[in-house]
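# Inside the fold
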Amino acid sequence: MENIALAEPTASLSIWALFMQAGWVVKLVMLGLLGASIWTWAIIVDKLIAYARMRISLNRFEQVFWSGQSLEELYRTLADRKTTGMGAIFVAAMREWKKSFEKGAKSPLGLQTRIDKAMDLALTREMEKLEGRLGFLATIGSAAPFIGLFGTVVGIMTSFQAIAASKNTSLSVVAPGIAEALLATAIGLLAAIPAVIAYNKLSSDASKLAVRMEGFSDEFSAILSRQIDEKVVARAA
Amino acid sequence: MRAGLTTSVILHAVALGFGLLSLKAPSAFDVADVESLPVDIVPVSALTQIQEGDKKATMRDKPAPTPTKRPDIVADAQKTGDNSVDTDKPPTPEAKAKPVQSSSAPPPAPTPVEKPREEDVPKPKEAPKPPPATEVAPQPQPNEQVKPDPAKQAEAKPEPVKQPEPTPQKPDAVAEAIAAEQPQQDVQLPDQAPAPDARPKPAPAETAKAPERKDSDKPVKEASSKQASQDKSLDDKISALLNKEKASGGGAKRSSQQASLGGEKNTGGDKLSQNEMDALRQKLGGCWSIPAGVDDAETLKVSVKFHLDPSGQLQDRPQVVKGGAASGPGRTAAESAVRAVQKCAPFNLPSDKYDTWSEIVVNFDPSDMF
C-alpha cells in the first residue's frame, strides 16, 4: 500500500497552535470575540464599581437629607459640588425652586409642575448614566455564540475542503481542523456567558437604584408641594 | 470607565497567559495497537477442490501428497492385517521359499504366491507340487495338535472334487514335465502357468472355502466338545493359519516428492468449480434463443456435445447427443441448441483445467428457463 502522507501526529493542539493554524476569517472572528470579551468585562467592572458608589452615595444622602438639616443649607453645600443620584435630583429641584422665588414669581401654580419636570429630567439623566452600556452586554450575550458559530462553520468548511484535497479521511487529518474551528465557538461562549449573567444582575441592580431615586423624587416633590402651599397661604394671609 | 477597561484587559491577559502556559496540547489517547487482521478472499473452489498435500507447505505448480514412510515390517507382530483379536500365533509364513528350494525351479515360485488363499485350487492341479501345498499345513502342526485333522480333511476332500477337472491339469502336467526336462524353457512356462490357474479361481475358490470351514469346525467340536470357548481360540488359530499376510503396519500411497500445499485428501481437484459451471451455464443461457410454444416438450430437451481447444474455441460442430428430432419442433430445438453453443463460442474457462472441459456436454432444457 502506498504510504500516504498523514497529518503529523505530533502537530501541537495547544490553544495558541490552534489559533495560528486557523484561517484568516476564523482568526478575525476570534480576535473580534476576544475584543468583545475584553469590552464586556470592562463594562462589568465599571458598572459594578459605579453601582457600588451610587449605592453608597444614596445611603449617605438619605442619611443627610433625613437628619433634619435645613434644605437651604444642604443645597448650599451640594450646589457647588458634582452630584450624582439623589443629590443631583435634589439640586435640580432646589435650583428650580430658587429661580422661581428669587425672581419673585407670583403664581406658584406652575412651580410644582416645573419642579417635577426638573426632577424627572435629573432622574432620567442619572438612570441613563447607570444603565448606559448595559445594552452592549445584552448584545454580546445573545450574538457572541452566533459569531463564534460562524467562525466554526467557516473553519469546518475550509478544513473539509482541505481533507477533500488531501484525499485522506483518517481521523488524525480531520480532527485538527475541526478542533481549531470549534475554538471559535468556545471563545464566543466564553464571551457570551459572563455577558448574559452580568447583564441580568446589573439591570436588576439598576432598576433597584432607579426605584430608590424615584421614591426620593416623589417624596421630595411632596415636601416641596407642601412648602409651596404654605407659602401661598402665608402670602394670602 | 478607564478603570474598568484596564482591569478587564489585565484580567484577560492573565487568563490568556495562564491558558497558553498551562493548557498544553491534550495528551494523546492511549490507543492500543490493534493489528489489522489479514483477510483473504477465498473462492469456493479452494474448499471444494483440494489436492492432497501438506497444509503448511508452500504452494507449487505441481501438487504432491505428503511423502510416506514405508512401514517397518515387524518381525514377530501380534496383530496382523485388520485383525481385531490379538493372536499369539505367528502368521503362517509364505510358502514360497520352500517350494522353491525343493523344486529347485525358480520360475514356478510366483504362481503359489498368487494362490495362497485358494490353496486347494492349485494344489490338486499339479501332480508334483502338492507337497509344497501341504507343507503349508504341516507348519502349524507343531503348534497345535488339534488342527492338523481339519486341515488334512479339508485338503483331502477338495482333492477328489477337483480331480475331475481334467483340462487345466493337462497343460500343467505337460509344462512341468517340460520344465523338469529343460530349465531354459522355464521362462516361458510361468507365463502359461498363471493363465490356466486364473480361470478356475473364482468358482472353486468360494466353493472350496465354504466346505473347509464347516469341515474344520465339525471335527473340532466332535473332538473337543467339552469346551465351547475353544471355538474362539480355534477360530483365531484358523484365521492365523489362513492368514498369509506379512506383519506390517499397513500400506500407504507412496510419494517420494516433497509435499506441496494441500489438504488431507483429494476433493475433486481438477473439476470445474460450481462458480465456473454457473458462469458457463449462464453464458450459454444468454446465447440460447428458446424455441417457443410447442407441446412436445420431450423432444425439446437437447443434449449437445462439443469439443474445445485450449483457447476455448470450438474444435468441431457441436453434435446433438440426445433429444431433438429430424423434423418439426424437435429439429428447431436441436438447431437452436447448436446455434447457442456456436454463438457463445470462445468460452473463457480456466486453462489449467483444460482436461475437464476439453469435451463438454450441455443439456438444453426449455422447462428450466421458464
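Residues numbered from 1 in each chain as written. Chains lettered and ligands numbered in written order. Predicted model: local features only at pLDDT ≥ 70, side-chain atom pairs only at ≥ 80, totals over all residues. Heavy atoms only, no water.

Under the annotation held in an unreviewed UniProt entry, chain B carries the name Cell division and transport-associated protein TolA and is attributed to Ollibium composti.

The condition is simple: UniProt positions are given in the numbering used here, feature names are shortened, and annotations may be inferred rather than shown by experiment.
An unreviewed UniProt entry annotates chain A as Tol-Pal system protein TolQ of Ollibium composti. In UniProt, chain A has this text filed under Subunit (unreviewed entry): "The Tol-Pal system is composed of five core proteins: the inner membrane proteins TolA, TolQ and TolR, the periplasmic protein TolB and the outer membrane protein Pal. They form a network linking the inner and outer membranes and the peptidoglycan layer."

## Observations concerning the side chain of Ser8 of chain B
Short version of the rule: What counts as a helix is a DSSP run of H or I of at least four residues, what counts as a strand is a run of E of at least two, and both are numbered from the N terminus. We call two residues in contact whenever any of their non-hydrogen atoms come within 4.5 Å of each other.
Tracing the backbone shows Ser8 of chain B in helix 1 (residues 2-22). Among all residues touching Ser8 of chain B, those that are not within four sequence positions of it are Ser37, Ile38, Trp39, Trp41 and Ala42 of chain A.

## Some words on the UniProt feature "transmembrane region" (unreviewed entry) in chain A
All names here are of chain A. The residues that UniProt annotates with the feature "transmembrane region" (unreviewed entry) are residues 24-45, 134-157 and 177-199. The straight-line gap between the two end C-alpha atoms of residues 24-45 is 31 Å; of that span, 100% is helix and 0% is strand. Annotated as residues 177-199, this span is 100% helix and 0% strand, and its ends, taken at the C-alpha atoms, are 34 Å apart.

## Focus: a negative patch on the surface
All names here are of chain A. We apply this condition: Patch building starts from residues that exceed 30% relative accessible area and form no salt bridge, then joins like charges within 9 Å and nonpolar side chains (Val, Leu, Ile, Met, Phe, Trp, Tyr) within 5 Å. Accessible surface area values rest on a Shrake-Rupley calculation with a 1.4 Å probe, where residue burial reflects the displayed protein chains alone. Here a salt bridge means any side-chain nitrogen of Lys or Arg lying within 4 Å of a carboxyl oxygen belonging to Asp or Glu. In this tally Asp and Glu are treated as negative and Lys and Arg as positive; neither His nor the chain ends contributes. By convention, the charge on Lys lies at NZ, on Arg at CZ, on Asp at CG and on Glu at CD.
A cluster of acidic residues, Asp120, Glu214, Asp218 and Glu219, forms a negative patch at the surface. Element by element, the count of residues in the negative patch is highest for helix 7 (residues 171-236), at 3 residues. Relative to the helices and strands, Glu214 is located in helix 7.

## Let's talk about the environment of Ala144 of chain A
Residue and element names in this part refer to chain A. What counts is decided by this rule: When a residue's accessible area, from a 1.4 Å probe over protein chains only, is under 20% of the maximum for its type it is buried; when over 50% it is exposed; and in between it is partly exposed.
Examined against the element boundaries, Ala144 turns out to sit in helix 6 (residues 134-166). Looking at Ala144, the relative accessible area reads 1%, which means it is buried. Sequence spacing of Ala144 and Val29 is 115 residues, and the spatial spacing of their C-alpha atoms is 9.8 Å. Once you skip the residues sitting within four places of it in the chain, Ala144 turns out to touch Leu33, Thr139, Gly188, Ala191 and Ala192.

## Points about helix 6 of chain A
All names here are of chain A. Note the cut-off: By definition here, a helix of n residues has an expected span of 1.5 Å times n minus one. Consider a residue and the seven residues that end there alongside the seven that start there; fitting an axis to each set, the bend is the angle between those axes.
Here helix 6 is 33 residues long and its end C-alpha atoms lie 48 Å apart, about the 48 Å a rise of 1.5 Å per residue gives. Within helix 6, the axis deviates most sharply at Ala143, by approximately 40 degrees, and proline Pro145 lies no more than four positions further along. Inspection of helix 6 places Leu134, Leu137, Ile140, Gly141, Ala144, Gly148, Gly151, Thr152, Val154, Gly155, Ser159 and Ile163 among the buried residues, and these make up the whole buried set. One or two residues past the end of helix 6 sits Lys167, with phi positive at roughly 55 degrees.

## Quick notes on the packing of helix 2 (residues 24-65) of chain A against helix 6 of chain A
Two measures define how a pair of helices packs: the angle their axes make with one another and the distance between the axes. Residues and elements named next belong to chain A. What counts is decided by this rule: For helices, the fitted line uses only the C-alpha atoms of the stretch in contact; every axis is such a line through C-alpha atoms, and the angle between N-to-C directions lies from 0 to 180 degrees. Here roughly perpendicular refers to angles of 65 to 115 degrees, roughly parallel to angles under 35, roughly antiparallel to angles over 145, and oblique to all remaining angles. Less than a right angle of anticlockwise turn of the near helix away from the far helix marks a crossing as left-handed, whereas a clockwise turn marks it as right-handed. Residue polarity follows a fixed list, in which Ala, Val, Leu, Ile, Met, Phe, Trp, Tyr, Cys and Pro are nonpolar, Asp, Glu, Lys and Arg are charged, and the others, Gly among them, are polar.
Two elements in contact, helix 2 and helix 6, have axes separated by 10 Å at closest approach and are oriented at 160 degrees. Between helix 2 and helix 6, the angle is such that the two are roughly antiparallel. When you trace helix 2 past helix 6, the crossing you get is left-handed. For the pair helix 2 and helix 6, the contacting residues are Val25, Val26, Val29, Leu33, Ala36, Trp39, Thr40, Ile43, Ile44, Lys47 and Tyr51 in the first and Leu134, Phe136, Leu137, Ile140, Ala144, Ile147, Gly148, Phe150, Gly151, Val154 and Gly155 in the second. Across the contact of helix 2 with helix 6, the residue classes tally to 17 nonpolar, 4 polar and 1 charged.

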